[in-house]
Amino acid sequence: MKPASFEYVTAESWDAAAASLAEHGDDALILAGGQSLVPVMNFRLAQPAVLVDVNVIPDSAYLQIDGDSLRIGALTRHVRFEAPGIDGPLGRLLPRIAHHIAHLPIRMRGTFGGSLAHADPASEWCTLARTLDAVMIAQSVTGERRIAAADFFHSALATDLADDEVLREVELPALGPDWRCGFAEFNRRAGDFAIVQSVAAIELHEGQIVSARIGVGGATETPQRSGAAEKALLGGAPTSELFAEAAGAAADAIEDLLTDQQANADLRRDLVRVMVLRALEDAVSAG
Amino acid sequence: MTRIQLNVYETIHDVEVEPRHSLVDTLREGCGLTGSHIGCEHGVCGACTVLVDDQPVRGCLMFAVQADGKDIRTVEGLDDDGAFNALQQAFHEHHALQCGFCTPGMLMLATWIVERGLPVDDNELREIMASNLCRCTGYRNILRAVRAVLDASGQDGAGA
Amino acid sequence: MTLIGKSVPRLEDRELLTGTGRFAGDQNFEGQLHMRVVRASLAHGRILSVDTAAAAASPGVFAVWTGVDVADVSPINLRPGSALQDLEKCRQHILAQDIVRYVGEPVAVVFADDPYRAEDAAELIWADIEELPPVVGLMDMPGEFAPGVSTEPAVLVKGYGDVDAAFASAAHIVDCELSVGRHAGVPLETRGALAIWNDDENRLEFHAAAKIPHTNRIALAELLGLELDQLHLFEGHVGGGFGVRGEIYPDEVLVNLAALRFRRPVKWIEDRMEHLIAANHSREQTHRIRAAINADGLILAIDHEFWFNQGAYARTHGATVPVVSATMLPGPYKVPAYRATGHIRLTNVTPAGTYRGPGRYETTFVREQLMDTIAAELDLDPLAVRRTNLIAADEMPYERPFEIGGKPIIYDSGDYPESLARFLDHVDYDAVQAEMAERRASGEMAGAAIICFVELGGDGPFDDVRVEMDTDGRVEVITGVASVGQGVETVIAQICADTLGIDYAGITVTHGQTDRIARGQGARASRVTVMTGNATHKAASGVRGMLLEKAAELLQSPVETLEISDGVIGIVEGLGEGPSVTVAAAAAEILRGQNAPRIAVEESFENDRATYSFGAQLAVVVVNPLTVGVTVERFAVVYDIGRAVNPMLVEGQLVGGAVQGIGGALFEEFLYDETGQPLSVSFADYLMPTAAEVPDVECLVLEDSPSTTNPLTLKSGGDPGITGAGAAIAAAIGDAIGRPGAIKRLPVTPLRLRAILRGDADRKQEKNNAENGVST
């Protein structure tokens, strides 16, 4: 399974990467960690004429709190998130998610931005980004574009990024100390693509849930927030009963569930309920 | 075709590659280092695991051009003029290999674990070694071999 | 000090640990062409045309073949003795002629100067295929393989005793329908081959051959139109076989044919996707089994009908798998009357062959689920039912009045009830069951089960070995076996060293080289330790005799007074003090008198009896009712190997086999869509266990019942790890969910388990409703 031929270009800066993309249009793809792209190329399902390697761009991997945002450089490797070095609930959540991404050697190379741009339905970072309403910052020769997570994911493996845009940075809200965040996923084997995963973030004030973000990934073509679950949680106390209700609401409301060899829509629906519940429980116990 | 240099255990291999040639194919064909194996070419089995700048990497998912100038370590460099290093000796004593096809990848992954110098408990060890597939041994003896080396160097994770 | 029975470290390890092995992909010949196979993308169709012009003009391409170019080559023959006659009509051509019958079938080949460019060219080949309706499901109505040839080309019937009478008078009849999903060995090294025409020797050399070089040599020579001495096969290192590698596939024939025709070396290494759709699949069987039993659960008769999915073509194994399935289903139980009717079905999917423990993995699952069903229906303890049926020690040797491969099935030795008892003790089964009860009481779906089986090995009919010794006392053992990584060299060296009284470390064991010894049977069916071991012992005994004779001369003492130990021949009483002579010196003396550089003794060991032995396995699992995930918490195997040459290696086989078996029980399955398109085409679809899915497998290796079929009393150990794993996992899950016998299909995927649990829930609800008077 050798890939088709391609021209290889190294970009020394994001501007240079954007220029290459502008020059070659949909004939060019960005090479970041390669852990998702190269297998697809080896199967010859993707045959880009040009590969633009962005790995040498300086200052492209970072985790920086900037006001009320956490700015993440697109080239930040998954392994970095296992010890992100930032405080607060997000700092505690990120390692718990990173741990579930594939296996260690994949995490050594795979990148945060790469995962988002690839948009596999079971991508943990995509689910996180959608749940917390991340902002994706794309760069092209015409400048910068900020894309809201709600607009970013079009369908499986398809995003709002234009052919001449490269994802440079992602902003997550730097959740304050009243937030509790949790994560859960189900797969057949350790390190497999998740069949269903959930990110749960709730803000507590005087024992009541005042904000809720419940995200589900792996279940549908793109990750989504569960309005039904969030509605069920708002104003309530963080009890098992309420969590079960919210999880049930999430499962009942979700549509267009995926069916594949590993699980059908019915099983995924059950798993949505279980994963949302677990993510909520994880939020209050470890989050 | 591009001319690149692969630095493997301080030996510079001057090779001519196409951009699409994988690191593992280039090590095997261009540098004559056939110890790293190809099992799937889609990053799942880990038979191609090598160390690039001291990190375990799937050699089938990296293009050789990306490794130009980097420090690469493969299974061929583990022994000391024929004498087994600690991991190789442990694999030998614990019967941690049968057909040997997954072995180089397992050894390089284990090398990283040992070199990291951190305590590793059994669960974490199992989780990390789960990165690589083996069809012959059923994993038990591989875990025992790596555990033996970790324990000998004080990384038994008892306090972890 | 005897070397037989010692867990010495392996001779094979050095090259493998230092990365200096010679697997197929590691070998290269100057000027070699790389072959790339173009495979059918439809499951069934008529080839209208194959357009190769663009490929032929592609950079680096030397030649392109389609079916027309190899139409003169006969289809691949079935191994002698393996077939039912009707399967001969269903053989496969090396490139599709006219009709393609499975996705993955070779339709063309490209030869180019490098593998990347060969693949580029292959992508340019367009096969215009007129679609024909495929038969995809095993239980679908049979169609036509070819005019006049049904896709159910053969039905085999095996049996003994008066089955009908037993059913007529039985207190109870239990019946089940059970099936095993399609899966296979999937070794980590994909298939590969290299061939080179050696002009000096006027012969074709096939490198990176595997499994059964001598047998394959005969078959290949015939296919290629060569005299036997014009073809030799050479084995390098082999990355696992498990039955799958080493059969004659179209691909290997093409490699050899090309080298012959082009007079240039040809190299072929398949990729993983090819392997998953083109290397032999296995295991797919559906059984309908009925048992006539008495009130104590004693089986009076079994009558079962089964369907075996051979895939698109008969492969070299012929009817081996269904025959073994039919004859080994009774396993370790008496079963005084028995009938098996096996339907061999062809479908438009990848052809099937053997996979470790063939016919036994499947039928052990079927039989042991039957036992659990009997227990459930009669409200008996599952182990008690098994004990009731086990063949007793005083019934050995136990003959089943039918044959495998012309040989009667005679269980040579064993005390099955005792072995089972020792296993129960070893794993402390009482404590296990108590723990399960406790955990279930607290709401966990935890379960444990023990299942029983019989394994066989040591398939003859012969093995030849030549032991050679040089003037330095160094020994080479030349065998006709093959290595698939199992430790052949070490085991044979141990036996040879033990016989000769020397260290095993200096012994070289040669295997898989057809030009070193005339005949060979390779490595299959777990035969090497028994057959090659005994032949080695025979030949080494011959050398030992010569050494002792010479030493008797030199030491002026009769042969009977001499002993060899640690490479020194001395007189028994005063060994170490009295006169002695080294083995090397004795050898040098012998050779001084002759005009040869080496002493050589070649012997043949013949055996028409396989060995059989008892095994059992324990699985402890926990089921998560919410996610329907299954965790295997504990797994243990007992096997009575009669006599272990290297216990460490035996355990290695048991552990490795068990993990593969767990894979087949929970994860591994080749799936197809309704048009015959394979869905399991990568390691993201075909899931195999990693270290995280399995516990450390525990082994109890018994040496209680040495074999009576061979002088060294050895039995085999290659397969027993895998044999019972499907059954054990299924039984444990049944126990966990409170329904022994409920698992009717492997692998137990979350989807299937969920349906069973849901069925249970629905049944409970119905029962509740009925009790509470609610209409459903």
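The shown structure was predicted, so the numbers you read here are calculated from the model rather than taken from an experiment.

Q: Could you give an account of the packing of helix α9 (residues 360-378) of chain C against helix α18 (residues 725-736) of chain C, naming the residues involved and the relevant values?
A: Residues and elements named next belong to chain C. Two numbers describe how α9 lies on α18: the axes approach to 8 Å, and their chain directions differ by 30°. In terms of their interaxial angle, α9 and α18 are classed as roughly parallel. The way α9 lies across α18 gives a crossing that is right-handed. Each of Tyr361, Thr364, Phe365, Glu368, Gln369 and Asp372 in α9 lies in contact with α18, whose residues at this interface are Gly726, Ala727, Ala730, Ala731 and Gly734. For the contact of α9 with α18, the per-class residue count stands at five nonpolar, four polar and two charged.

Q: Would you mind going over the pairing of strand β13 (residues 208-217) of chain A in detail, with residue names and values included?
A: All names here are of chain A. Burial within β13 is extensive, with seven of its ten residues counted as buried. In terms of strand pairing, strand β12 (residues 196-205) meets β13 through nine bridges, oriented antiparallel. Bridge pairing links Leu204 to Ile209 in β13. Between β12 and β13, which pair antiparallel in sequence order, lie two residues; one of them, Glu206, sits at a positive phi of approximately 50°. For β13 and strand β14 (residues 224-225), the ladder comprises two bridges, and the chain directions are antiparallel. The residue of β14 that forms the bridge with Gly215 is Arg225. Counting the residues between successive antiparallel strands, the hairpin from β13 to β14 contains six residues, one of them, Gly218, with a positive phi of roughly 80°.

Q: So what's going on with the domain arrangement of chain C? Residues and values would help.
A: Residue and element names in this part refer to chain C. Domain boundaries assigned for chain C yield domain 1 (23-135 + 191-278), domain 2 (285-391 + 404-458 + 609-761) and domain 3 (459-606). The straight-line distance from the C-alpha centre of domain 1 to that of domain 2 is 35 Å. Classifying every residue of the side of domain 1 that touches domain 2 gives 18 nonpolar, six polar and six charged.

Q: Let's hear about the sheet that holds strand β20 (residues 445-457) of chain C: which residues, and what values?
A: All names here are of chain C. Taken together, four strands build an open sheet; the order of strands is β20-β28-β29-β30 and the sheet is mixed. Of all the strands in the sheet, the pair left with one neighbour each is β20 and β30 (698-702). Averaged over all neighbouring strand pairs, the angle between strand axes comes to 15°, with direction disregarded. Bridge count between strand β29 (residues 630-640) and β30: five bridges; the pairing is parallel. Paired with Tyr639 across the bridge in β30 is Val701. Packed onto the sheet, helix α12 (residues 429-441) meets β20 and β28 (611-623) and runs at close to 145° relative to β20.

The rules behind the values
- Residues numbered from 1 in each chain as written.
- Chains lettered and ligands numbered in written order.
- Predicted model: local features only at pLDDT ≥ 70, side-chain atom pairs only at ≥ 80, totals over all residues.
- Axes fitted to C-alpha atoms, helices over the stretch in contact; angles between N-to-C directions.
- Helix = DSSP H or I, 4+ residues; strand = E, 2+ residues; numbered from the N terminus.
- Parallel < 35°, antiparallel > 145°, perpendicular 65-115°, else oblique.
- Left-handed = near helix turned anticlockwise from the far one by under 90°.
- Contact = placed C-beta atoms within 7 Å.
- Nonpolar A, V, L, I, M, F, W, Y, C, P; charged D, E, K, R; others polar.
- Buried ≥ 20, exposed ≤ 12 C-beta atoms within 10 Å, placed from the backbone.
- Pairing = 2+ DSSP bridges.
- Domains from an automatic or database assignment.

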